[in-house]
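Results of the structural survey
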Amino acid sequence: MGTEWDALRKQARHLENDIDMKLIAFNKVGVGAASSSATASNTDTSPLLGDHVFESLSLEIEQMLDKLSNINEKMSEIPNSGAAVMHVLQRHREILHGYRQEYLKIQANHTTRMEREELLRGSGLGTSSPSTSGLSRRDMYLKENTHLHSSSSLVNDQISIAMETKEHLTSQRQHLKRFQTRMHDISNRFPLISSLIQRINIRKRRESLIIGGVIAVCTILLLLYAFH
């Protein structure tokens, strides 16, 4: 058990070191392939070469990961005892899982970069020189930032208009409340005004009757005096 376990473990360590170095080269090739694809002018030789190397490394790393997985399976099938052996086996499995995650991450990043460069080339940046391409890309980012700033300003303006409209409506509501209160006060006071006017009219009638009576008495007295 010990000899076979040690041999498999030695193979696993050696393979893990190889995979680690391959992943570093794989990441560099992925970044370089996207950069060469972005800065190439009229010839497509460099982008095609970079993509070919990337695909070759990808296939090689997949085979190495599968081989490491098989070694780990063989190690787990060997009868063993003790927590130390289980810990070592678990550690090898974690390393394999980490390598697979790193491999998939590099592939995803490479795919994202290539899609972004394809979009830039489709917008007319792919046929320009490296300096012009970088400048145009910066201009595009600045333009996008300007659009975002303009959109933010428009949103702020709309919020300001909404706040002003709210203040105007609140002010109109207060004016309407005050007007309603005044109308209510006038309606409450109106019966008192009507009663006062009615009293004034009654007094006027009474004074008219008194003056009429005085004039009639004076007229009668004058007539009596004239005939005598």
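The coordinates are above.
1. A closer look at the overall build of the protein chain
Assigned secondary structure in the protein chain consists of four helices and zero strands. Across the 228 residues of the protein chain, 21% fall into the buried class. Partitioning the intrachain contacts of the protein chain with sequence separation of at least 6 by distance along the chain shows that 81% fall at a separation of at least 24. Just so you have it, the protein chain exposes about 17,300 Å², and 60% of that area is on carbon and sulfur atoms.

2. Focus on the pattern of salt bridges
Side chains that carry opposite charge are capable of pairing whenever their charged atoms lie near each other. Going through the model one piece at a time under the given rule, you end up with three salt bridges. Here Arg100 ties to Asp66 by a salt bridge, and the two come within 3.5 Å at their closest N and O atoms. Of the two residues, Arg100 is situated in helix H3 (residues 83-122) and Asp66 in helix H2 (residues 45-77); the sequence distance between them amounts to 34 residues. Owing to a relative accessible area of 41%, Asp66 belongs among the partly exposed residues under this scheme. The closest approach of N and O atoms between Arg91 and Glu94, which form a salt bridge, is 3.7 Å. You can see Arg91 and its partner Glu94 sitting in helix H3, three residues apart, about one turn around the helix.

So, how was this worked out
Residues numbered from 1 in each chain as written. Predicted model: local features only at pLDDT ≥ 70, side-chain atom pairs only at ≥ 80, totals over all residues. Heavy atoms only, no water. Helix = DSSP H or I, 4+ residues; strand = E, 2+ residues; numbered from the N terminus. Buried < 20%, exposed > 50% of the residue type's maximum accessible area, 1.4 Å probe, protein only. Contact = heavy atoms within 4.5 Å. Areas by Shrake-Rupley, 256 points an atom, 1.4 Å probe, with all protein chains shown as cover. Salt bridge = Lys/Arg side-chain N within 4 Å of Asp/Glu carboxyl O.

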